[in-house]
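Each chain, written out:
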Amino acid sequence: QLQYDINQVYALGDLDQALYEVVSRDGETGLLVKVNQDSRGTRFIETGLDFTGTWSENALNLRAAFLDTAVDGYGSELRVTAQLGEEPGLSGDLYKYLGPRQRYFVRPALLAQSRDFVEYAKGGKKLSVAKVEEYGGGLSAGRELGNHAVLAAGIIRLSGEVKQQIGDVSLAGLDFDVGEYTADLYYDRLNDRFFPTRGSFLGIGYVQSDASLRADEDYQQISVDGSSVLSFGRHTLHAAGRYYTTLDDDAPIYAQFLVGGFGRLSGFHENELFGQNFAMVLGGYRYRLTKSDLVLIPGYLGATLEYGQVAERSSDLFDDGVL
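What counts as what
Residues numbered from 1 in each chain as written. Predicted model: local features only at pLDDT ≥ 70, side-chain atom pairs only at ≥ 80, totals over all residues. Heavy atoms only, no water. 1 Å grid on protein atoms, 1.4 Å probe; cavity = no way out; pocket = protein on both sides within 12 Å on 5 of 7 lines; lining within 4 Å. Points joined across faces, edges and corners; volume = space filled by probe spheres on them. Nonpolar A, V, L, I, M, F, W, Y, C, P; charged D, E, K, R; others polar. Phe/Tyr/Trp six-rings, centres within 6.5 Å; stacked < 30°, edge-to-face > 60°. Helix = DSSP H or I, 4+ residues; strand = E, 2+ residues; numbered from the N terminus. Buried < 20%, exposed > 50% of the residue type's maximum accessible area, 1.4 Å probe, protein only. Polar contact = N/O pair within 3.5 Å; in protein donor to acceptor, adjacent residues only side chain to side chain. Contact = heavy atoms within 4.5 Å.

Chemist: Could you give an account of the layout of surface pockets, naming the residues involved and the relevant values?
Modeler: Empty space within the second largest pocket amounts to approximately 450 Å³. Along the walls of the second largest pocket sit 13 residues, with Asp192, Phe195, Leu296, Pro298 and Tyr300 positioned nearest its centre. Among the residues making up the lining of the second largest pocket, the classes are represented as eight nonpolar, two polar and three charged.

And the structure:
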């Protein structure tokens, strides 16, 4: 049990070492636990790059963030992120623990961003492009359930405007206000965020847009994401499913689900499809090109087979789905 607990302390990622030894002093026997702080310190600069390309277009975003992993003695974390490129933005959030056991937390967040809203004709031809500029924030609170799950609830408040860029944009000049109550449950046993080789994930989310938060429209949405990964040596199998629904099929266009891009009906442009409801299943295979998974930048070769559909009514989701 002691070895297990020491491993859990080390797995938090804040330490270079976590060791223990049995000691005897003045005729008594006790336990001495030694921990060494991460030699890199507690403040980091993070960088990231996203590139999405098709035969006809591509998009590039660059990110930089400041991360402080020791805002207080409880291990609370602050992250401020700036993004440049096709969709520039600035965001910040504080994951604030309310005690030394790191069970309860609050999470205030602020956001200002500009993102593209593209309308496509059937077949993927671009008809128009608009810029959606939005700003606001949110506040959530929750409880971590053991080391593998978290339950949280909160509110989100955003304001925005749609500006025409290219073509005749049906939403141009639209001002909107978003006010939502949210609830989320996550269970995460994947061993890696980006390229897991084992484990499972389940996420369930609920959103209620309400006029009491100055929302333009009232609607309710539920989202479910699940995946499981299994590996045999350098071979990895991946299965996943998504089900997103608007309960009364009445969400305004800026709150509808955006679909398209890698792992979300990969044959379409990024966010090419949108609608009140979305469902899909996915099966994938990946082969690690490097013999060791400990190299700095491992290489992979793989493929996915996906089936799903976006629909205005949930009853139509799997009628004439896309493979």
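Chemist: Summarise the packing of aromatic side chains; cite the residues concerned and give the values.
Modeler: Applying the stated criterion to the full structure yields eight aromatic pairs. Seen from their ring centres, Tyr244 and Phe257 are 5.3 Å apart, and the 45° between their planes marks the pair as tilted. With Tyr244 in strand E13 (residues 235-246) and Phe257 in strand E14 (residues 257-259), the pair connects residues that are 13 residues apart, well separated along the chain. No difference in accessibility class separates Tyr244 from Phe257, as the two residues are buried. When the centroid spacing of 5.6 Å and the interplanar angle of 70° are considered together, the rings of Tyr244 and Phe278 count as edge-to-face. With a gap of 34 residues between them, Tyr244 in strand E13 and Phe278 in strand E16 (residues 277-288) connect regions that are remote in the sequence.

Chemist: Can you tell me about the side chain of Gln83, naming the residues and giving the values?
Modeler: Along the chain, Gln83 turns up in strand E5 (residues 77-85). Using a relative accessible area of 17% as the deciding quantity, one classes Gln83 as buried. A polar contact is formed between the side chain of Gln83 and the backbone oxygen of Glu87, at a distance of 2.7 Å. Gln83 has contacts with Asn61, Leu62, Arg63, Pro88 and Gly89, leaving out every residue within four places of it along the chain.

Chemist: An account of the environment of Ala70 is needed here, citing residue identities and associated values.
Modeler: In this fold, Ala70 is placed in the loop between strand E4 (58-68) and E5. By relative accessible area, Ala70 is classed as partly exposed at 36%. In sequence terms Ala70 and Asp184 are 114 residues apart; their C-alpha atoms lie 25 Å from each other. Setting aside its immediate chain neighbours within four residues, Ala70 contacts Thr42 and Ser76.

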